[in-house]
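# Working through the structure, step by step
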Amino acid sequence: MMKITIDRNSGFCFGVVNAIQSAEHELARTGELCCLGELVHNSPEMERLRRLGLKTVAHDDLPRLAHRTLLLRAHGEPPATYRLAEQRHIKIVDATCPVVLRLQRLISRCYRALQGASVQLVIYGKKGHAEVNGLVGQTNGTAFVVEKKEDLDTLDFEKDIILFSQTTKPPDGFREMVDEIARRVSPRATFRYHDTICRHVANRLPNIRAFAARHDRIYFVAGKQSSNGRILFEECKKANPDAIFITEAAEITAPLTPGIRTVGICGATSTPKWLMEEVAKRIREINGITCE
């Protein structure tokens, strides 16, 4: 008998849950709401929210949103967004993740305290990512963003360095950055770092490896634009080569091959539980499973 299991550690993180609940509350009250960027990188969930009245807007749209209500998603925003919203009389529903908010405040305090000093503020993160843009904004655009070791060549290792991390980056990558900067920094300069990775997200890496290894087949469910999803799927694939990336249940079109006895379903921090449950239902239907 085939057994289908949904990973209990997968699904929305707290920040995403809070953002979606904030959107649902406002939509239930007024029937319309603008969101700056996709609230969550998951097409089926975004379609559900659009049916409730959510409209996705870009930064270029802000000047035309006077007197409207605007949701700021979990990734956070730079100070310039708040200033523009105030100027245009835009009501803000701030759903910035508390973990991201703490990091923003930490970087902002460091930047203000060190103005005029010869110190480089460095963020380990994905260039252009919404969270990283918000973090760089705390430094008036002066922070360096590094994705890989090669990006460190832009730093001056004769000057002091303070390193932070995007909250959703892998701990192993951050430790590599710390070690490389420590190796290259001049003895005449100081190097400090703040491990600002969200442990709720980071702990999913070992959890998902273990989950993937326990099953014959893995269906990993996530949006194609989810950077967190890509990282987690890579870990699934390492632990179980028979891991398949899908965005929705309809992508499963053929019965499983004989010999597959255990199927695991997991996903990103932007994957709703209801979508993983739909995948499980689809697997049962297409394989003629009436019970487990």
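A brief look at the structure comes next. (Residues numbered from 1 in each chain as written. Predicted model: local features only at pLDDT ≥ 70, side-chain atom pairs only at ≥ 80, totals over all residues. Heavy atoms only, no water.)

## Section: the overall build of the protein
A tally of helices and strands in the protein yields 10 helices and 12 strands. For the protein, the spread of C-alpha atoms along the three principal axes comes to 70 × 50 × 25 Å. Considering only intrachain contacts with a sequence separation of at least 6, the fraction spanning at least 24 residues in the protein is 71%. Taken as a whole, the protein presents about 14,300 Å² of accessible surface, with 50% of it coming from carbon and sulfur. The averaged location of the 35 negative side-chain charges in the protein is 2 Å from the averaged location of its 42 positive side-chain charges. (Helix = DSSP H or I, 4+ residues; strand = E, 2+ residues; numbered from the N terminus. Contact = heavy atoms within 4.5 Å. Areas by Shrake-Rupley, 256 points an atom, 1.4 Å probe, with all protein chains shown as cover. Lys, Arg positive; Asp, Glu negative; His and termini not counted. Charge placed at Lys NZ, Arg CZ, Asp CG, Glu CD.)

## Here's the deal with the pairing of strand 6 (residues 119–124)
Most of strand 6 is tucked away, with five of its six residues classed as buried. Bridge analysis of strand 6 against strand 7 (residues 144–146) gives three bridges, and the strand direction is parallel. Opposite Ile-123, over in strand 7, you have Val-145 as the bridge partner. (Buried < 20%, exposed > 50% of the residue type's maximum accessible area, 1.4 Å probe, protein only. Pairing = 2+ DSSP bridges.)

## With respect to the pairing of strand 4 (residues 69–72)
Residues Thr-69 and Leu-71 point to one face of strand 4 and Leu-70 and Leu-72 to the other, with burial holding for every one of them. Looking at chain direction, strand 4 and strand 5 (residues 91–94) are connected through four bridges and run parallel. Pairing of Leu-70 across the sheet is with Ile-92, part of strand 5.

## Quick look at the sheet that holds strand 10 (residues 217–221)
The four strands lie next to each other as 1-12-10-11, forming an open sheet whose pairing is parallel. With one partner strand each, in any of the chains shown, strand 1 (3–6) and strand 11 (243–246) form the two edges of the open sheet. Ignoring strand direction, the axes of neighbouring strands in this sheet form an average angle of 20°. Along the sheet face, helix 8 (residues 204–213) touches strand 1, strand 10 and strand 12 (262–267) and points at about 160° away from the line of strand 12. Helix-sheet contacts for helix 9 (residues 227–239) involve strand 10, strand 11 and strand 12, and the interaxial angle to strand 11 is about 160°. (Axes fitted to C-alpha atoms, helices over the stretch in contact; angles between N-to-C directions.)

## Side note on the sheet that holds strand 8 (residues 160–165)
Strand order across the open sheet formed by four strands is 7-6-8-9, with parallel pairing between neighbours. The open sheet terminates on both sides in strands that have one partner only, identified here as strand 7 and strand 9 (191–193). Mean inter-strand twist for the sheet, computed between neighbouring axes without regard to direction, equals 25°. Where helix 4 (residues 98–114) meets the sheet, it contacts strand 6, strand 8 and strand 9, and its direction lies at approximately 165° from that of strand 8.

## Remarks on helix 8
Of the positions making up helix 8, those classed as buried are Arg-204, Leu-205, Ile-208, Phe-211 and Ala-212. All buried residues of helix 8 lie within an arc of 130° about the axis, which places them on one face of the element. Contact partners of the buried residues in helix 8: strand 1, helix 6 (171–184), helix 7 (199–202), strand 10, helix 9 and strand 12. (Arc of directions from axis to C-beta.)

## Quick word on a negative patch on the surface
A surface patch of like charges, here negative, comprises Glu-248, Glu-251, Glu-277 and Glu-278. By relative accessible area, which is 39% here, Glu-248 ends up partly exposed. (Patch = residues over 30% accessible without salt bridge, like charges linked within 9 Å, V, L, I, M, F, W, Y side chains within 5 Å. Salt bridge = Lys/Arg side-chain N within 4 Å of Asp/Glu carboxyl O.)

## What to know about the packing of helix 1 (residues 14–30) against helix 2 (residues 43–52)
Where helix 1 meets helix 2, the closest approach of the two axes is 10 Å, and the angle between their N-to-C directions is 20°. Between helix 1 and helix 2, the angle falls in the class roughly parallel. Along this stretch, helix 1 crosses helix 2, giving a crossing that reads as left-handed. Contacts between helix 1 and helix 2 involve Ile-20, Glu-24 and Leu-27 from the first element and Glu-45, Arg-48, Leu-49 and Leu-52 from the second. Classifying every residue of the contact of helix 1 with helix 2 by side-chain character gives four nonpolar, no polar and three charged. (Parallel < 35°, antiparallel > 145°, perpendicular 65-115°, else oblique. Left-handed = near helix turned anticlockwise from the far one by under 90°. Nonpolar A, V, L, I, M, F, W, Y, C, P; charged D, E, K, R; others polar.)

## Quick look at the packing of aromatic side chains
Under the definition given, this model contains six aromatic pairs. With 6.4 Å between their ring centres and 35° between their planes, Tyr-124 and Phe-174 make a pair best called tilted. Of this pair, Tyr-124 sits in strand 6 while Phe-174 sits in helix 6; the two residues are 50 residues apart in sequence, bridging distant segments of the chain. In terms of burial, Tyr-124 and Phe-174 fall into one category: buried. Pairing Phe-191 with Tyr-193 gives two aromatic rings, centres 5.8 Å apart and planes at 35°, and the pair type is tilted. (Phe/Tyr/Trp six-rings, centres within 6.5 Å; stacked < 30°, edge-to-face > 60°.)

## Points about the side chain of Asp-7
Summarising the element assignment, Asp-7 is placed in the loop between strand 1 and helix 1. Buried charge without a salt bridge: Asp-7, with Arg-214 as the nearest opposite-charge side chain at an N-O distance of 5.7 Å. Beyond its immediate sequence surroundings of up to four residues, Asp-7 is in contact with Ile-208, Phe-211, Ile-265, Cys-266 and Lys-273.

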